[in-house]
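Close look at the chain arrangement
So you can see what is in the structure, the chains are spelled out below.
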Amino acid sequence: MLNNPIFKREFISAARSGKVKFLVFGYIVILAMVLVAMWPGGGVLSAVSESGRKIFQLFFTVNLTLLMLMIPAFAATSITSERENDTYPALYTTLLSPTEIMLGKLISSILLLIIIVILATPIASITALTGGVNVAFIFKVTFLLIVSAVTYGLLGLLCSTYFSTSSSAILANYIIILFLAGGTWLPNALLGNIIGFKSFWQILRSASPYDAILYILNPDSYKLTMSVYSINPVFN
């Protein structure tokens, strides 16, 4: 796959792009500013006594949100940019199969997102100094961020193949992300007490990466929210 010319072209051009560098720089700076803003004035000892897990939870929630906001910029324009630059017909003149072309596009955009997540890991590791978390904990959440990037990156590529313009593909990708990440929580919050359907709403809610990050970061609170619908049903 690393010898795929589509992958090489897409990855190298993106890595050299000033816009991509600006997005990555802004992403890292915002995360650093969030961490500085949340850091207690009393230092590490104060953070330990005041539950550093809350700092960890808020930091990675912001991290996940920023990552999902960046995904369409990388994945949703993979194919539409070829159409807009009139280079799409040239893809047919290559000796690559359609599968190889799509894989080159996919891997290049996904790899960039994974690199972004990895670049933020040193900042995330600082949260371990607050206590209440360990390195294994950080790796679990980092893995969740990578899985989210790959999943929503695939959806972005799907939007890019379906729509003819980058603006339409990006908008569609944002709508899908908004629904899967946030919209799946709404039925569970409004209709979770309806007996006979609570399991379905909980399964729908699990499609959101925020549900997974809540379980990883605060399993006790997560289990409590799941048990509320079992002990307080609307209909007996």
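Residues numbered from 1 in each chain as written. Predicted model: local features only at pLDDT ≥ 70, side-chain atom pairs only at ≥ 80, totals over all residues. Heavy atoms only, no water.

Topic: the overall build of the chain
Along its length, the chain carries 12 helices and zero strands. Secondary structure elements of the chain occur, N-terminal to C-terminal, as α-α-α-α-α-α-α-α-α-α-α-α. The buried share of the chain, taken over its 236 residues, is 40%. Pairs at least 24 apart in sequence give 79% of the contacts found in the chain among residues at least 6 apart. (Helix = DSSP H or I, 4+ residues; strand = E, 2+ residues; numbered from the N terminus. Buried < 20%, exposed > 50% of the residue type's maximum accessible area, 1.4 Å probe, protein only. Contact = heavy atoms within 4.5 Å.)

A short note on the packing of aromatic side chains
Going through the model one piece at a time under the given rule, you end up with two aromatic pairs. Measuring from centroid to centroid gives 5.7 Å for Phe7 and Phe11, while their planes differ by 20°, and the two rings are stacked. In this pair, Phe7 and Phe11 are both assigned in helix H1 (residues 5–16), four residues apart and thus about one turn of the helix distant. (Phe/Tyr/Trp six-rings, centres within 6.5 Å; stacked < 30°, edge-to-face > 60°.)

Notes on a nonpolar patch on the surface
A cluster of nonpolar side chains, Phe25, Val29 and Met33, forms an exposed patch at the surface whose accessible area comes to about 310 Å². Here Phe25 shows up in helix H2 (residues 18–38). Overall, Phe25 belongs to the exposed group, its relative accessible area being 58%. (Patch = residues over 30% accessible without salt bridge, like charges linked within 9 Å, V, L, I, M, F, W, Y side chains within 5 Å. Areas by Shrake-Rupley, 256 points an atom, 1.4 Å probe, with all protein chains shown as cover. Salt bridge = Lys/Arg side-chain N within 4 Å of Asp/Glu carboxyl O.)

Here we look at the environment of Ser208
Structurally, the position occupied by Ser208 is in the loop between helix H10 (198–205) and helix H11 (209–217). Considered as a pair, Ser208 and Phe179 are 29 residues apart in the sequence and their alpha carbons are 8.7 Å apart. When near neighbours in sequence (up to four residues on either side) are disregarded, Ser208 contacts Leu180, Ala181, Thr184 and Trp185. There is a polar contact of 2.5 Å between the side chain of Ser208 and the backbone oxygen of Ala181. One polar contact links the side chain of Ser208 to the main-chain amide nitrogen of Tyr210, over a distance of 3.1 Å. (Polar contact = N/O pair within 3.5 Å; in protein donor to acceptor, adjacent residues only side chain to side chain.)

Here we look at unusual backbone geometry
At Asp86, a position not held by glycine, the phi torsion is positive, near 60°. By secondary structure assignment, the location of Asp86 is in the loop between helix H5 (80–84) and helix H6 (98–126). Take Asp86: its relative accessible area is 66%, and that puts it in the exposed class.

Points about the packing of H1 against H6
Axes are the key here: two packed helices are described by the angle between their axes and the distance separating the axes. Contact geometry of H1 with H6 gives a least axis separation of 8 Å together with a crossing angle of 35°. Relative to H6, H1 is oriented so that their crossing is right-handed. Contacts between H1 and H6 involve Ile6, Phe7, Arg9, Glu10, Phe11 and Ala14 from the first element and Ile101, Gly104, Lys105, Ile107, Ser108, Leu111, Leu112 and Ile115 from the second. In terms of residue class, the contact of H1 with H6 is made up of nine nonpolar, two polar and three charged. (Axes fitted to C-alpha atoms, helices over the stretch in contact; angles between N-to-C directions. Left-handed = near helix turned anticlockwise from the far one by under 90°. Nonpolar A, V, L, I, M, F, W, Y, C, P; charged D, E, K, R; others polar.)

A look at the confidence of the model for the chain
Averaged over the chain, the pLDDT score is 77; the fraction of residues at 70 or greater is 80%. For the chain, the element scoring lowest by mean pLDDT is helix H3 (residues 44–49), at 48; helix H8 (residues 166–183) scores highest, at 89. Every residue in residues 45–50 is under pLDDT 50, and counting partners more than four places away or in other chains gives eight contacts. Ignoring residues within four places in sequence, the model shows residues 229–236, a span with pLDDT below 50, making 12 contacts including any to other chains. (pLDDT = per-residue confidence, 0-100.)

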